[in-house]
Amino acid sequence: MIGRRKKQADVIVPAAEAPVGAPALVEAQRTVTRFGHGSRVPGWDEAADLTKDPAEIPDPATTPVPEALRAEIEAHMAKYPNFRSAAIPALAAAQRVHGWCSPEAVEQVACVMRLTPGYLIAVASFYDMLETRPVGRNAVYVCTNISCSLCGADELLTKLLEETDGDPDFNVRHFECLGACDIAPMASVNGVYVGPIALDDVPTLVEQIRAGTPPLPGKQLHLRKSTDPNASSGGPSS
Amino acid sequence: MTTEARNASPPIILFKDIDEPGLNSIEVYRRRGGYEMLRKALTTMTPSAVTDELLASGLRGRGGAGFPSGKKISFIPKVDVDKYLVCNADESEPGTFKDRELMQKCPHMLIEGIIIAAFAAGANRSFIYIRGEYEEQALILDRAIAEAEAAGFVGSDILGSGFDLSLVLHRGAGAYICGEETGLLDSLEGKRGNPRLKPPFPANQGLYQGPTVINNVETLATMPHILKMGGEAYAKIGTETSAGTKLVSVSGNVQRPGNYEIELGIPSREIIYGLAGGPPEGREVKFWFPGGSSSPVLEPQDLDLPYDFNTLQKAGSMLGSGAIIVVDDSVPVVSVALKLAKFYRHESCGKCTPCREGTRWTVSMLERVDSGLATPMDLDIMASVQEQIIGNCLCVLGDAMAMPIGSMVAKFRDEFEAHIEAARLRNPYGGDEPGGRDGSDPVLVQGAAGA
């Protein structure tokens with residue numbers, strides 16, 4: 001059983017020295033950093049203090065929330081019979097503002113939704129697209145599930161990681177099946193599905209992401225026609 | 001069996017002219033007769049008449065379980081409480097991408113189906129739970145819902161029938177388990193997506209504890225067509241127990257991966273070789289998943305099985321979501337098994353022990369197989385772990401790993417043993433070899449070996 005939790009031992013930063021705030025921990029993107037109290041998340045140190053009461057619903061008077069974010073969260077809450085249903089859309093909205101579900105972001109959502117930060121952190125940590133640590137602003141999800149890896153997704157991910165190594169603007173990660181096995185190997189670049197991506201395309205793709213232009217415009221999913229030979233010819237009318 | 005025979009008269013329902021430009025707008029959809037079946041249902045039929053039509057069609061759920069859709073709606077209690085309809089557009093089963101194409105190219109077909117199903121079930125609130133990764137599709141659906149609202153198909157007193165329905169698009173945030181119906185409901189309620197104990201089933205206590213119908217995108221999109229052609233006529237397509245057409249997503253080692261609409265009951269060979277072009281030149285099919293990565297694998301001799309629910313079940317597998325993943329003979333079975341097990345380990349929600357621990361130990365054992373530390377006896381242990389998982393969890397995620405892994409070990413045992421032997425000779429010290437195994441550490445290996 002020795003070493004079961006090997007990744008905990010990677011880097012241990014004493015809790016007191018743990019930097020708080022988003023940009024300080026860029027290198028944390030690669031290796032999972034653990035802090036003195038065992039959490040992977042910088043900034044949550046105090047939550048592990050068992051002598052302290054859990055965080056309560058933030059006080060609106062002392063928690064400034066950007067107006068646009070507040071309006072968006074309230075609009076989400078109004079859509080559902082129970083306002084709690086808006087937890088995921090609200091966290092996603094806060095993540096768009098703050099770059100990740102930072103303590104500040106969660107606090108603001110908690111303040112608007114009148115929920116405890118602990119509840120929201122529990123939700124955020126369950127879902128892969130909600131980031132609980134600072135990440136680069138360009139999200140590149142590479143599908144490495146069976147269909148894609150049969151078509152060379154693992155090599156693609158390695159190459160993408162090499163090309164973007166050390167660039168704090170990138171969040172390149174493998175992802176569960178993204179539901180686009182017909183364009184394998186593929187990646188979701190800031191939400192845009194592109195594929196099949198040849199290894200030679202990678203430098204171009206990275207350049208395009210850096211420049212903020214559409215990724216591999218000729219290979220985007222929405223251009224793809226149906227492969228079913230009967231779909232366009234149309235069978236007998238139903 | 002030959003493609004010519006199929007092309008003579010392929011029934012094509014969902015994918016008919018799917019690439020027509022502008023089909024995702026309400027104008028083009030209505031020009032093609034869209035929303036007419038909604039008008040027919042709401043103005044000339046009673047909810048029970050719609051349900052009867054669905055029952056007569058023999059339509060079975062297209063999301064994985066294959067439960068008769070009409071029956072699901074008929075289970076909803078006829079009492080005066082808030083009822084809900086949820087469309088499962090999470091589509092997280094590896095290998096499945098049919099709903100993506102439907103939602104992207106013809107979102108109104110889905111919306112019309114949702115309204116018809118909600119009318120049959122007496123639900124006044126409906127939700128589409130779409131996976132967070134589908135950003136483009138979510139934008140398209142958002143626009144389509146706004147168009148449908150503007151046209152008076154969603155809202156209060158639809159088409160003067162007195163039937164009210166709201167429709168909300170809810171985006172998930174990346175979790176395989178939210179495709180499981182009760183996990184989806186928890187996620188929709190704003191919680192972690194942990195599956196619930198069943199019973200009570202969602203038909204009695206689902207979303208916000210109210211009676212809830214949950215259907216897959218493809219199932220709902222088929223409903224307008226069933227009303228159009230009549231349940232009886234729809235039941236004539238396909239086989240006796242598997243009526244209708246099915247969208248199959250073919251991927252992996254095939255020449256033309258993609259979505260194909262097939263009549264249920266055609267030989268699987270025709271799908272893999274006829275439509276998808278078979279494996280690349282010079283390679284052979286080694287094994288294939290007939291219904292997503294959760295289905296037990298089948299071998300080349302099973303290629304002539306008719307592709308329908310009951311036949312595949314008899315063959316020890318399942319049709320599942322209709323995702324065929326083909327693996328050719330150049331791929332070692334151990335690498336596929338390891339990939340699969342790692343995926344389920346990551347996606348296990350951790351709520352029940354057999355799944356949480358079983359997926360983790362299966363990965364550890366497969367890593368030992370891969371590094372040469374295993375013995376053939378480990379394969380027996382691994383098989384028994386899979387048996388202990390199946391049927392012992394709240395939801396089917398554990399089974400979804402245990403069934404394919406168990407079938408791979410059973411069907412390719414010789415290759416597993418050969419892999420162990422080859423790895424042992426190549427790498428007598430296990431994972432200590434620098435850069436040996438897949439990023440895992442030597443400590444783990446020594447600890448596991450000494451345990």
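Just so it is clear, the model here is predicted, and its values are computed rather than measured. (Residues numbered from 1 in each chain as written. Chains lettered and ligands numbered in written order. Predicted model: local features only at pLDDT ≥ 70, side-chain atom pairs only at ≥ 80, totals over all residues.)

## Concerning the overall build of chain A
Condition: Here a strand is any run of E in DSSP of at least two residues, a helix any run of H or I of at least four, and the numbering for each starts at the N terminus. Note that contacts rest on C-beta atoms placed from the backbone: two residues are in contact if these are within 7 Å.
The secondary structure content of chain A amounts to 8 helices and 6 strands. When the helices and strands of chain A are read in sequence order from the N terminus, they spell out β-β-α-α-α-α-β-α-α-β-β-β-α-α. Expressed as a percentage of contacts within chain A between residues at least 6 apart in sequence, the contacts between residues at least 24 apart total 57%.

## Observations regarding the overall build of chain B
Stated precisely, the cut-off is as follows: Each radius of gyration is computed over the set of C-alpha atoms, and the globule rule expresses the reference value as 2.2 Å times the number of residues to the power 0.38. The exposure scheme places C-beta atoms from the backbone and then counts, for each residue, the other C-beta atoms within 10 Å of its own, assigning buried at 20 or more, exposed at 12 or fewer, and partly exposed in between.
Across its full length, chain B carries 19 helices and 8 strands. Computed over the C-alpha atoms, the radius of gyration of chain B is 23 Å, within 12% of the 22 Å expected from 2.2 N^0.38 for a compact globule of 451 residues. Reported as C-alpha extents along the three principal axes, the dimensions of chain B are approximately 75 × 50 × 35 Å. A burial count over chain B gives 58% of its 451 residues as buried. Residue pairs at least 24 apart in sequence account for 71% of intrachain contacts in chain B once pairs closer than 6 positions are excluded.

## Observations regarding the interface of chain B and chain A
Taken together, the contacts link 67 residues of chain B with 49 residues of chain A. It is helix H14 (residues 333-347) of chain B that provides the largest number of residues to the side of chain B that touches chain A, a total of 5 residues.

## Notes on unusual backbone geometry
The amide bond that connects Lys198 of chain B to the next residue, Pro199 of chain B, takes the cis arrangement and shows omega of -10°. One can find Pro199 of chain B in the loop between helix H9 (181-188) and strand S4 (212-216). Note that the residue after Pro199 of chain B, namely Pro200 of chain B, is joined by a cis bond; omega there is 5°. In this structure, Arg114 of chain A is a non-glycine residue whose phi angle is positive, near 60°. Mapped onto the secondary structure, Arg114 of chain A falls in the loop between helix H3 (103-113) and helix H4 (117-124). Residues other than glycine seldom take positive phi values, yet Asn190 of chain A does so here, at roughly 50°. When you line up the elements, Asn190 of chain A lands in the loop between strand S5 (187-189) and strand S6 (192-194).

## Observations regarding the sheet that holds strand S7 (residues 285-289) of chain B
All names here are of chain B. Stated formally: We call two strands paired when DSSP finds no fewer than two bridges between them. To obtain an axis, a line is fitted to C-alpha atoms, over the contacting stretch when the element is a helix, and the angle between two such axes runs from 0 to 180 degrees between their N-to-C directions.
The strand order S6-S5-S8-S7 describes an open sheet built from 4 strands, whose pairing is mixed. With partners counted over all chains shown, the strands left at the sheet margins are strand S6 (258-263) and S7, one partner each. Neighbour to neighbour, the strand axes of the sheet diverge by 30° on average, direction disregarded. Judged from the 4 bridges that link them, strand S5 (residues 245-252) and strand S8 (residues 323-328) form a sheet pairing that is parallel. Across the sheet, residue Gly252 finds its bridge partner in S8, namely Val326. Here helix H12 (residues 268-275) sits on the sheet in contact with S5, S6, S7 and S8, set at roughly 55° to S5.

## As for the packing of helix H15 (residues 353-371) of chain B against helix H18 (residues 413-426) of chain B
Residue and element names in this part refer to chain B. For clarity, the cut-off: Each angle is binned into one of four classes, with values under 35 degrees roughly parallel, values over 145 roughly antiparallel, values of 65 to 115 roughly perpendicular, and all other values oblique. Residues are grouped as follows: nonpolar covers Ala, Val, Leu, Ile, Met, Phe, Trp, Tyr, Cys and Pro; charged covers Asp, Glu, Lys and Arg; every other residue, Gly included, is treated as polar.
Between H15 and H18, whose axes approach to 6 Å, the crossing angle comes to 60°. As far as their axial angle goes, H18 and H15 are oblique. Listed contacts from H18 to Val369, Asp370 and Ser371 of H15 are Phe416, His419, Ile420 and Ala423. Of the residues contributing to the contact of H15 with H18, the split by class is 4 nonpolar, 2 polar and 1 charged.

## A closer look at the confidence of the model for chain A
Residue and element names in this part refer to chain A. This is how the line gets drawn: The predictor's confidence in any single residue is recorded as pLDDT, a number from 0 to 100.
Across chain A, the average pLDDT comes to 82, with 76% of residues at 70 or higher. Taken element by element, the predicted model of chain A shows its lowest mean pLDDT in strand S1 (residues 12-13) (44) and its highest in helix H1 (residues 67-79) (97). The model gives residues 233-238 a pLDDT under 50, and that stretch makes 14 contacts with residues more than four places away or in other chains.

## Looking at the pairing of strand S1 (residues 84-89) of chain B
All names here are of chain B. By the criterion of burial, S1 is predominantly enclosed, with 6 of the 6 residues buried. Side chains Tyr84, Val86 and Asn88 of S1 all project onto a buried face; the interleaved residues Leu85, Cys87 and Ala89 project onto the opposite face, where all are buried too. Here S1 runs beside strand S2 (residues 125-130); their pairing, made up of 6 bridges, is parallel. Along S2, the bridge assignment pairs Leu85 with Ser126.

## A short note on the confidence of the model for chain B
Residue and element names in this part refer to chain B. Averaged over all residues, the pLDDT of chain B is 90; the fraction at 70 or higher stands at 93%. Segment residues 1-8: pLDDT under 50, and 6 contacts once partners within four positions in sequence are set aside and those in other chains are kept. Of the regions scoring below 50 in pLDDT, residues 432-451 engages in 31 contacts with residues more than four places distant in sequence or in other chains. Here the predicted complex carries an ipTM of 0.89, next to a pTM of 0.87.

## Structural notes on the domain arrangement of chain B
All names here are of chain B. The line we're drawing: Start and end points for every domain follow an automatic or database-based domain assignment.
Domains assigned within chain B are domain 1 (9-236), domain 2 (245-328) and domain 3 (333-450). The centre of domain 1, based on its C-alpha atoms, is set 38 Å off from the matching centre of domain 3. Across the boundary between the two partners, domain 1 contributes 10 residues, which contact 8 residues of domain 3. Split into classes, the residues belonging to the side of domain 1 that touches domain 3 amount to 5 nonpolar, 4 polar and 1 charged.

## Focus on the packing of H1 of chain A against H3 of chain A
Residues and elements named next belong to chain A. Basically, it comes down to this: Throughout, a crossing is termed right-handed when the near helix is turned clockwise from the far one, and left-handed when it is turned anticlockwise from it by less than a right angle.
The N-to-C vectors of H1 and H3 enclose an angle of 50°; their axes lie 10 Å apart at closest approach. If you check the angle between H1 and H3, you find them oblique. Crossing of H1 against H3: the hand is right-handed. Residue-level inspection shows Leu69, Arg70, Ile73, Glu74 and Met77 of H1 in contact with H3, the latter providing Gln108, Val109, Val112 and Met113. A per-class count over the contact of H1 with H3 returns 6 nonpolar, 1 polar and 2 charged.

## Things to note about the sheet that holds strand S3 (residues 138-143) of chain A
Residue and element names in this part refer to chain A. On the basis of which strands lie adjacent, the open sheet formed by 4 strands has the order S4-S3-S5-S6 and mixed pairing. On the outer flanks of this sheet lie strand S4 (170-175) and S6, each paired with one strand and no other. Each strand of the sheet is rotated relative to its neighbour by a mean of 25°, with strand direction disregarded. Pairing of S5 with S6 involves 3 bridges; the strand directions are antiparallel. Residue pairing across strands places Ala187 opposite Val194, the latter belonging to S6.

## Points about the pairing of S2 of chain B
Walk down a regular strand and you will see the side chains alternate between the two sheet faces. All names here are of chain B. To keep things clear, this is the line we draw: Crossover handedness is defined by viewing with both strands directed away from the observer: a clockwise path from the first strand over the helix to the second marks the crossover as right-handed.
Burial within S2 is extensive, with 6 of its 6 residues counted as buried. The two faces of S2 match: Arg125, Phe127 and Tyr129 on one face and Ser126, Ile128 and Ile130 on the other face are all buried. Pairing geometry for S2 and strand S3 (residues 166-171), over 6 bridges, is parallel. Note that in S3 the partner of Ser126 across the bridge is Leu167. Between S2 and its parallel partner S3, the chain crosses via helix H8 (residues 135-150), and the hand of that crossover is right-handed.

## Focus on the environment of Lys79 of chain A
On the secondary structure map, Lys79 of chain A appears in helix H1. When the C-alpha positions of Lys79 of chain A and Met129 of chain A are compared, they lie 22 Å apart, and in sequence the two are 50 residues distant.

## Focus on helix H4 (residues 47-57) of chain B
Residues and elements named next belong to chain B. Rules: The directions from the helix axis to the C-beta atoms are what the arc is built from.
All of the buried residues along H4 are Val50, Thr51, Glu53, Leu54 and Ser57. Down the axis of H4, the sector holding all buried residues measures 155°, keeping them to one side. Those residues of H4 hidden inside the fold are in contact with helix H3 (36-44), helix H5 (69-74), helix H7 (107-121), helix H10 (217-229) and helix H11 (231-236). Once H4 ends, the next one or two residues include Gly58, with phi positive near 70°.

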